[in-house]
Amino acid sequence: MSYLEYTVKHVPTGPRKILFLNWPLALLLAAVAGVGFLMLYSVAGGSFSPWAEPQMKRFALGFVLMLIVAMVPIWFWRSMAGVAYLTSLLLLVAVEFFGSVGMGAQRWIDLGFMRLQPSELMKITLVMMLAAYYDWLPIARKSRPFWVLLPVVLILIPVALVLRQPDLGTSILLLAAGGGLMFLAGVHWAYFAAVIAAAAGLITTVFQSRGTEWQLLKDYQYRRIDTFLDPASDPLGAGYHITQSKIALGSGGWTGRGFMQGTQSRLNFLPEKHTDFIFTTLAEEFGFIGAFSLLALYALIILFCVASALTNKDRFSSLLTLGIALNFFLFFAVNMSMVMGLAPVVGVPLPLVSYGGSAMLVVMLAFGFAQSAHVHRPRQGH
Amino acid sequence: MKRPRVDTEANHRLVTRRAAILGGVQLAFVGALGARMQFLQVDQADQFRLLAEENRINIRLIPPSRGEIFDRNGVPLARNVPSYRIVIVREDANDVEEVVQELSKLVSLDPGEVQRAMAEMKRSAPFLPITFADEVSWEDLSRVSVNAPALPGVTPEVGLSRVYPLGSDYAHVLGYVGPVSDYDLERIEDPDQLLRIPRFQIGKVGVEAKVEENLRGKAGARRVEVNAAGRVMRELDRQEGIAGSDMQLTIDAKLQSYVQARLSGESASAVVMDVRSGDLMAIASAPTFDPNLFVRGISSRDYKALTKNKYRPLASKTVQGTYPPGSTFKMITAMAALEAGLIGPDETVYCPGHLTVSGRRFHCWKRAGHGWVDLETSLKRSCDVYYYDLAVKVGIEKITAMANRFGLGERHDIPMSAVARGLTPTKDWKRSVHDQSWVVGDTVNASIGQGFMLASPLQLAVMTARLASGMAVKPRLIKTIDGIEQPSGAGESLGMNENNLRKMRRAMYAVVNDRRGTAYGSRIIEDAVRMAGKTGTSQVRNITAAERRAGVVRNEDLPWERRDHALFVNFAPYDEPKYAVAVVVEHGGGGSKAAAPIARDVTLQALYDGEPPLDAYPTKDRGRIETQQQVLRGIQPVANISGRDQA
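For clarity, every value in this text was computed on a predicted model and none was experimentally measured.

K.L.:
Mind showing me how you'd approach the overall build of chain B here?
P.N.:
A tally of helices and strands in chain B yields 25 helices and 21 strands. The C-alpha radius of gyration computed for chain B amounts to 36 Å, which surpasses the reference 26 Å derived for 647 residues by more than 25%, pointing to a less compact arrangement than a globule. Seen through its C-alpha atoms, chain B measures out along the principal axes to roughly 150 × 55 × 50 Å. Evaluated residue by residue, chain B yields a buried proportion of 53% over its 647 residues. Pairs at least 24 residues apart make up 72% of the contacts formed inside chain B by residues separated by at least 6 positions. As displayed, chain B offers around 29100 Å² of accessible surface, 49% of which is attributable to carbon and sulfur atoms. Here chain B carries 85 positive and 78 negative side-chain charges, and the mean point of each set is 4 Å from the other.

K.L.:
I keep staring at the overall build of chain A and nothing clicks. Help me out?
P.N.:
Each helix and strand in chain A was counted, giving 13 helices and three strands. Classification of the 382 residues of chain A by burial places 57% in the buried group. Excluding contacts between residues fewer than 6 apart, the proportion of contacts in chain A whose partners are at least 24 apart in sequence is 73%. Put simply, chain A shows about 15600 Å² of open surface, and 70% of that area lies on carbon and sulfur atoms.

K.L.:
Before we go on, may I ask you to explain the environment of V87(B) in this structure?
P.N.:
Residues and elements named next belong to chain B. Relative to the elements of secondary structure, V87 occurs in strand β3 (residues 76-89). What makes V87 buried here is its relative accessible area of 1%. Considered as a pair, V87 and P156 are 69 residues apart in the sequence and their alpha carbons are 6.2 Å apart. Among all residues touching V87, those that are not within four sequence positions of it are P129, I130, T131, F132, G153, V154, T155 and E157.

K.L.:
Explanation requested: a nonpolar patch on the surface in the structure shown.
P.N.:
The grouping of I18(A), L19(A) and W23(A) at the surface amounts to a nonpolar patch, some 290 Å² of accessible area in total. Topologically, W23(A) is positioned in helix α1 (residues 23-43).

K.L.:
Is there a simple way to think about the sheet that holds strand β12 (residues 280-286) of chain B in this case?
P.N.:
Backbone hydrogen bonds are what pair the strands of a sheet, in a parallel or an antiparallel way. Residue and element names in this part refer to chain B. Judged by pairing direction, the sheet is antiparallel, and its five strands sit side by side in the order β12-β11-β21-β20-β19 without closing on themselves. Each end of this open sheet is capped by a strand with a single partner; those strands are β12 and β19 (532-538). If you compare each strand with its neighbour and ignore which way they point, the axes differ by 10° on average. Summarising the sheet, strand β11 (residues 268-274) and strand β21 (residues 579-585) pair through seven bridges and their orientation is antiparallel. Each bridged residue has a counterpart across the sheet, and for S269 the counterpart in β21 is V584. Strands in contact with helix α11 (residues 253-263) are β11 and β12; relative to β12, the strand with the most contacts, it is inclined by about 25°. Against the sheet, helix α22 (residues 498-513) touches β19 and β20 (565-572), its axis set at about 70° to β19.

K.L.:
Would you explain the packing of aromatic side chains in this entry?
P.N.:
Following the criterion strictly, the structure yields 33 aromatic pairs over all chains and no others. Taking the centre distance of 5.9 Å and the plane angle of 70° together, the rings of F37(A) and F59(A) count as edge-to-face. Taken together, the residues span a long stretch of sequence, with F37(A) in helix α1 and F59(A) in helix α2 (residues 52-71) at a distance of 22 residues. Take F37(A) and F59(A): they sit in the same class, and that class is buried. Here the aromatic rings of F146(A) and W147(A) are separated by 4.8 Å at their centres, their planes lie at 85°, and the arrangement is edge-to-face. Exposure remark for W147(A): the relative accessible area of 18% places this residue in the buried category. Over the face of the ring belonging to F183(A) we find R18(B), whose NZ or CZ atom lies 4.6 Å from the ring centre. When the ring centre of Y520(B) is taken as origin, the NZ or CZ atom of R523(B), which lies over that ring, is 3.9 Å away.

K.L.:
Sorry if this is basic, but what is going on with the domain arrangement of chain B here?
P.N.:
It is common to report an interface's size as the accessible area lost on association of the parts. Residues and elements named next belong to chain B. If you check the domain split of chain B, you get domain 1 (57-75 + 166-249), domain 2 (81-161) and domain 3 (253-290 + 318-479 + 486-635). Each of domain 1 and domain 3 has a C-alpha centre, and the two are 41 Å apart. On the side of domain 3, 18 residues touch domain 1, which itself brings 20 residues to the contact. A combined buried area of about 1800 Å² lies between domain 1 and domain 3, and 62% of that area is made up of carbon and sulfur atoms. Its largest share of buried area at the contact with domain 3, domain 1 owes to R72, D169 and H172, together 34% of the area lost on that side. Where R72 meets D279, a salt bridge forms, and the shortest distance between an N and an O atom there is 3.3 Å. Mapped onto the side of domain 1 that touches domain 3, the elements with two or more residues apiece are α7 (171-174), α9 (206-210) and β10 (247-249). In the side of domain 1 that touches domain 3, the residues fall into 11 nonpolar, five polar and four charged.

K.L.:
Where do I start with the nonpolar core in this structure?
P.N.:
A general feature of soluble globular proteins is that nonpolar side chains tend to end up buried together. Within the largest apolar cluster, 130 residues are counted, with the highest numbers of intra-cluster contacts made by I283(B), F406(B) and L477(B). Counting residues domain by domain, this core receives three or more from each of domain 1 (57-75 + 166-249) and domain 3 (253-290 + 318-479 + 486-635) of chain B. Apart from the residues within four sequence positions on either side, I283(B) is in contact with V173(B), I251(B), Q256(B), A270(B), V271(B), T318(B), V319(B), I414(B), M416(B), L458(B) and L477(B). Counting 119 residues, the second largest nonpolar core, distinct from the first, contains A33(A), L154(A), V339(A) and V353(A).

K.L.:
Is there a simple way to explain the interface of chain B and chain A in this structure?
P.N.:
Listed as interface residues are 43 residues of chain B and, on the opposing side, 64 residues of chain A. Counting the surface lost from both chain B and chain A, the interface buries some 4900 Å², and carbon and sulfur atoms represent 66% of this. The interface formed by chain B and chain A contains one salt bridge. There are nine residue pairs in polar contact (both at pLDDT 80 or more) connecting chain B and chain A. For the side of chain B that touches chain A, the elements supplying multiple residues, two or more each, are α1 (9-43), α2 (45-56), β8 (220-226) and β9 (232-239) of chain B. At 21 residues, the largest contribution of residues to the side of chain B that touches chain A is made by α1(B). Residues belonging to the side of chain B that touches chain A are distributed by class as follows: 21 nonpolar, 10 polar and 12 charged.

K.L.:
What exactly am I supposed to notice about helix α21 (residues 457-469) of chain B here?
P.N.:
Residue and element names in this part refer to chain B. For α21, with 13 residues, the first-to-last C-alpha span of 18 Å sits near the 18 Å given by 1.5 Å per residue. Burial analysis of α21 places 13 of its 13 residues in the buried class, the great majority of the element. G470 sits one or two residues past α21 and shows a positive phi near 75°.

K.L.:
Before we go on, may I ask you to explain the confidence of the model for chain A in this structure?
P.N.:
Caution applies to low-pLDDT parts of the model: their predicted coordinates are not meant to be read in detail. All names here are of chain A. A residue-level look at chain A finds 89% of positions with pLDDT of 70 or above and a mean pLDDT of 84. Summarising per-element confidence for chain A, the mean pLDDT is lowest in strand β1 (residues 100-102) (59) and highest in α1 (93). Scored below 50 in pLDDT, residues 1-7 shows 15 contacts in the model against residues more than four places distant or in partner chains.

K.L.:
What's the story with the pattern of salt bridges in this structure? I'm lost.
P.N.:
One side chain can pair with another of opposite charge once the charged atoms of both are near each other. All names here are of chain B. Under the defined criterion, the tally for this structure stands at 39 salt bridges over all chains. Between R79 and E68 there is a salt bridge, and its shortest N-O distance comes to 3.8 Å. In this pair, R79 is assigned in strand β3 and E68 in the loop between β1 (57-62) and β2 (69-70), connecting sequence segments 11 residues apart. The closest approach of N and O atoms between D389 and K393, which form a salt bridge, is 3.2 Å. Residue D389 and its partner K393 are both found in helix α17 (residues 384-394); the two are separated by four residues, about one turn of the helix. K393 gets classed as partly exposed once you look at its relative accessible area, which sits at 37%. Salt bridges linked by common partners bring R66, R162, E208, E212 and R216 together as one network.

K.L.:
What exactly am I supposed to notice about the packing of helix α4 (residues 96-106) of chain B against helix α5 (residues 111-123) of chain B here?
P.N.:
When two helices pack together, their arrangement is captured by the angle between the axes and the distance separating the axes. All names here are of chain B. Where α4 contacts α5, the axes come no closer than 12 Å and their chain directions differ by 155°. One element, α4, and the other, α5, form an angle in the roughly antiparallel class. For the element pair α4 and α5, the recorded crossing hand is right-handed. Here V96, E97 and V100 of α4 come into contact with α5, specifically with V114, M118 and M121. Looking at the contact of α4 with α5 residue by residue, the class counts come to five nonpolar, no polar and one charged.

K.L.:
What's the story with the confidence of the model for chain B in this structure? I'm lost.
P.N.:
Looking at chain B, the pLDDT average stands at 86 and 94% of residues meet or exceed 70. This stretch, residues 637-647 of chain B, has a pLDDT under 50; its non-local contacts, to residues over four places away or in other chains, come to 18 contacts.

K.L.:
Would you take a moment to explain the packing of helix α4 (residues 118-136) of chain A against helix α13 (residues 357-375) of chain A for this structure?
P.N.:
Residues and elements named next belong to chain A. Between α4 and α13, whose axes approach to 8 Å, the crossing angle comes to 15°. Relative to α13, the element α4 lies roughly parallel. Between α4 and α13 the crossing geometry is right-handed. Contacts between α4 and α13 involve E120, L121, I124 and M128 from the first element and S358, A359, V362, L365, A366 and F369 from the second.

Rules used throughout
Residues numbered from 1 in each chain as written. Chains lettered and ligands numbered in written order. Predicted model: local features only at pLDDT ≥ 70, side-chain atom pairs only at ≥ 80, totals over all residues. Heavy atoms only, no water. Helix = DSSP H or I, 4+ residues; strand = E, 2+ residues; numbered from the N terminus. Rg over C-alpha atoms; globule rule 2.2 N^0.38 Å. Buried < 20%, exposed > 50% of the residue type's maximum accessible area, 1.4 Å probe, protein only. Contact = heavy atoms within 4.5 Å. Areas by Shrake-Rupley, 256 points an atom, 1.4 Å probe, with all protein chains shown as cover. Lys, Arg positive; Asp, Glu negative; His and termini not counted. Charge placed at Lys NZ, Arg CZ, Asp CG, Glu CD. Patch = residues over 30% accessible without salt bridge, like charges linked within 9 Å, V, L, I, M, F, W, Y side chains within 5 Å. Salt bridge = Lys/Arg side-chain N within 4 Å of Asp/Glu carboxyl O. Pairing = 2+ DSSP bridges. Axes fitted to C-alpha atoms, helices over the stretch in contact; angles between N-to-C directions. Phe/Tyr/Trp six-rings, centres within 6.5 Å; stacked < 30°, edge-to-face > 60°. Lys NZ or Arg CZ within 6 Å of the ring centre and 35° of its normal. Domains from an automatic or database assignment. Buried area = accessible area lost by both parts, 1.4 Å probe. Nonpolar A, V, L, I, M, F, W, Y, C, P; charged D, E, K, R; others polar. Core = buried A, V, L, I, M, F, W, Y, C linked by side-chain atoms within 4.5 Å. Polar contact = N/O pair within 3.5 Å; in protein donor to acceptor, adjacent residues only side chain to side chain. Expected span 1.5 Å × (residues − 1). pLDDT = per-residue confidence, 0-100. Parallel < 35°, antiparallel > 145°, perpendicular 65-115°, else oblique. Left-handed = near helix turned anticlockwise from the far one by under 90°.

Pasting the structure below:
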């Protein structure tokens, strides 16, 4: 297939576009959000306030946002990639000066009606920027050192800013998403091998630096890693979250303790039960079946995104959709690993389920781009 | 607006390939998450379920109500009454300072207590009730309840507290309870969980402490669901505890109150014991104190006053006090000689007022001497020389052995604190303790209950009961536990010659009823209830030869601490003995003057169950007795305490 074979007239126009949405994906998103409402209702002790109701409103808003974004042609969004990236970067800088401090880290800007977390936004705009970059870059150049270095800089600037907040979790996610996109774009594998080797060296160095004058991480971050490696060492202190979380998960058994019957969450043994640790409540109340079902829903969302991306012949659309899917995957995989005691507690919420406005809107915005890519995918003339 | 470009076929394949790799990695990770889920939720579910239950379920103990104590006729001696506390819950009070200010207008709050409570409140979780006032009266509580709307967070709490309705009459017998201290916990091996309850009351001394195990009962338990902060969310189930056993003492409350009142003003003690069953009808020590003070937590000023008092109100003199038995011991010396066949019929001894034994002169209390005396006269007139003579013939081994058979030198098994063993000296004892060999002079001293010999009033009562009954009767203080009669103190026959015992009893009868007897002044003239007894006056100092030459100083002229102890033991009725009585008045002077009248009054009170006719007293005493009885009845406490019982 050549460029000339492409005909634009098969791209739907006007309100008809809505029929060409990736509806299975939209329904999956709604289903996951529905699980979230249910759990927020439960952890509030059987009440829509204070969490379930605002969350539903935000999801409705997010869904509308997704539709609006989906209606806009993907090539418009491609042209906006640079602007979006720079805006996010500016916001990240702004948060340094005007941000509110939450949990010992400067993370959000209070916009009055909502708290904006620029690092959340950055996850999407970085992927957009890189997708646009590889869309623009002639294929032959993509593995040349200079053209590899450029996207690396694009990734490292926001990573450095987020790390300064300090938010280790998000900066690692940014790094992973950016690196993942470069991998998808087809950058030569040798670069990745080199980076992985370097990372291994860096991790060793980070641990070597502990307790010395040039210590690279904050003490609490080291402690979190320690706790992760051996949570039992401090069951009432640092390891408390993970221990209680595992108890909640484990006590769910096959079928769970029943809706609103989870003692760990109801009696506040679980920390952050409506945000980062909401998955444990689900696992406690609906057991392995419930927890695995949610995992399956997430997997299906990824699957539908990947399927959409691979059938899309537009390079930007394809990369963007894959990047969004990767972001989403990292999001829930890190959260689940965290609550199941497989990763340090880094403060990553469960996408679409955890209570929180800014994360919800950013996720829906991202899927808006994926939908736009799906609606406006190039079609072969018949 | 740019149109979308279509990617080259080759590049699309590359992207697809890369996507497949990354997708594979993602899939593998999802698989790993699923496997982890399965591991936690399926394989280890039971273990985690258990941990979750441990998290949420707390066991709270329900303190059982303590067993109550009654006298032999069912008069309550130790009871549990509701006690009220005022507690404040911080999270409900908003401004604690203000609430306390309001509260102090209604109830008098101890500033120290408030300060402690405030400090405790700062440390505790906001939903925990903190006690601001304990042992609040019903009236104060009502005032607080009426003003409840103005006092957010203030709630009354009801608990049970120990009360001794007859107060000081039983201070030494029952002892008292108090909150468990760290010291108590240290002493107890593997303490009951109950003892960890703050302010839980346990017996500290006396019966309360000695039969603590029976009185305490078994804790009940509440299983409650708590949240992560420890707040109780709901009760899951409860198992009531088993209340402590109620018990009855052998004490007769009416008699005990009388005896206690009769002893007041002296530093004295008295024991009334049933000669056959061994039941202790009264066991009183004066001065006494109010045990209720200790339950509430005694002030240091009150406590100091009690410990500094030279009459030692805290000491339970009936069992803890040991005194040289003096002449009351003469029956033992005589019995030892009789049983050994060393006193022939009508054998007499000449008393010139002293006896020289191995070069040392031992004086009779009567310097002029008693002339020729036989056994009965020697006891009646309490001639010392007669017993010095017996002592030399009998020897200390037989005397001590006889003392032991009569219950001296033995720690009687009754549930009171610090029951003393007394002392019946032997040659070995002297060698091991004093590192000196026994000399015959020691035997001479022992024969009249002086020297090393020591006995408690309880032991003297037991001795007298055994003399009166000829049985190895043992004292008994607890009559029933949970309505079950406890083993009686009645014992086997002492195995002594009944003729010898009869001789002793007749001699004791003469002491009280013969015109020349030392206790004639304290006789009972009602024939049916005549009593037999023996006076004793035990020296607490050595009379030097110089003093003796100058004329022995009269007791009244000595400082209190150096005066003689006055003792008296008796049983009655003579014909068919019922009660044995022992009275010791510390530093009271002569036994016949200080102790015998008390013993006689007590005996009559016991025999007539509180209503002795004046006819039983010698004519010249009746006027005094009548007024005395009126006074004593007036000060007998009423066996009831205010309206709190019904509250």
